[in-house]
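# Architecture at a glance
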Amino acid sequence: AQKVTQAQTEISVVEKEDVTLDCVYETRDTTYYLFWYKQPPSGELVFLIRRNSFDEQNEISGRYSWNFQKSTSSFNFTITASQVVDSAVYFCALSEAGTGGYNKLIFGAGTRLAVHP
Amino acid sequence: EPEVTQTPSHQVTQMGQEVILRCVPISNHLYFYWYRQILGQKVEFLVSFYNNEISEKSEIFDDQFSVERPDGSNFTLKIRSTKLEDSAMYFCASSGPGTRVYEQYFGPGTRLTVT
């Protein structure tokens, strides 16, 4: 069965610190997609990244980087030099590839990140 | 940049009443979804919709729920007889076409409060 685990419920850091949010997933499929979404205090869900199971290359986008390791079923997210605007709940999600695009996202419980000045 | 919109942003209703939550997906998207998030909890899948029919639904999506795409732009979620436990944030999402089919873009949500 599909499952996403975000063991860190809350993380508190001081601005400019680096922070890593952990995500561990379970799936029986060989083809699947992993995602990170950000939910700021305003409540919307903001898409950050999609990674497919065949692409283990790590990705960097500005201060954000993602480390996908199939061997440990992990897809961790690092924010470098955190800023107050990074304060939000971050969700990791999994989708198994089916016969079309209508694949549900299975979300983890989320990690609440608080960045203090 | 195109975005998913949802109305209303907040709906208050009495238990037993019917509510309709409205969504306008991104215009060239083909796949549509509803999710809900009970306050402080994870986001949960309700239903996916493609080619004018339900593709998949979760256990939460019982007979009290229905979805419809009444025209070429709107996508609605109806709850026939609301219960207190239906109070949650409801998110609409859409995806597709092409290589971005697996990227779901979410609307800002409708907060439903059942009293």
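Look up a bit, the structure's there.
Below or above, wherever it landed, is the structure these notes cover. No experiment lies behind these values; they were computed from the predicted model shown.

A word on the interface of chain B and chain A. Facing 22 residues of chain B, the contacting portion of chain A comprises 21 residues. The junction of chain B with chain A conceals about 1,900 Å² of combined surface from both sides, 60% of it contributed by carbon and sulfur atoms. Inspection of the region where chain B meets chain A yields two salt bridges. Between the two partners, chain B and chain A, sit five residue pairs in polar contact (both at pLDDT 80 or more). Of all the secondary-structure elements, those providing two or more residues to the side of chain B that touches chain A are β4 (31–37), β5 (43–50), β6 (53–57), β9 (88–95) and β10 (105–106) of chain B. Its residues assigned to classes, the side of chain B that touches chain A shows twelve nonpolar, seven polar and three charged.

Tallied over the full model, the rule gives seven salt bridges over all chains. Across the pair Glu56 of chain B and Lys104 of chain A runs a salt bridge whose closest N-O atoms are separated by 3.0 Å. Remark: Lys104 of chain A occurs in the loop between β10 (88–96) and β11 (106–107) and Glu56 of chain B occurs in strand β6; the pair is interchain, linking two chains. Of the residues examined, Glu56 of chain B reaches a relative accessible area of 26% and is grouped as partly exposed. Members of the salt-bridge network, linked through shared partners, are Arg51, Asp55 and Glu59 of chain A.

Okay, the sheet that holds strand β8 (residues 75–79) of chain B next. All names here are of chain B. Ordered in space as β1-β3-β8-β7, the four strands form an open sheet in which the pairing is antiparallel. In this open sheet, the two edge strands, each paired with only one partner strand, are β1 (5–7) and β7 (65–68). For this sheet, the mean angle separating the axes of adjacent strands, direction not counted, is 20 degrees.

Quick notes on the rules
Residues numbered from 1 in each chain as written. Chains lettered and ligands numbered in written order. Predicted model: local features only at pLDDT ≥ 70, side-chain atom pairs only at ≥ 80, totals over all residues. Heavy atoms only, no water. Contact = heavy atoms within 4.5 Å. Buried area = accessible area lost by both parts, 1.4 Å probe. Salt bridge = Lys/Arg side-chain N within 4 Å of Asp/Glu carboxyl O. Polar contact = N/O pair within 3.5 Å; in protein donor to acceptor, adjacent residues only side chain to side chain. Helix = DSSP H or I, 4+ residues; strand = E, 2+ residues; numbered from the N terminus. Nonpolar A, V, L, I, M, F, W, Y, C, P; charged D, E, K, R; others polar. Buried < 20%, exposed > 50% of the residue type's maximum accessible area, 1.4 Å probe, protein only. Pairing = 2+ DSSP bridges. Axes fitted to C-alpha atoms, helices over the stretch in contact; angles between N-to-C directions.

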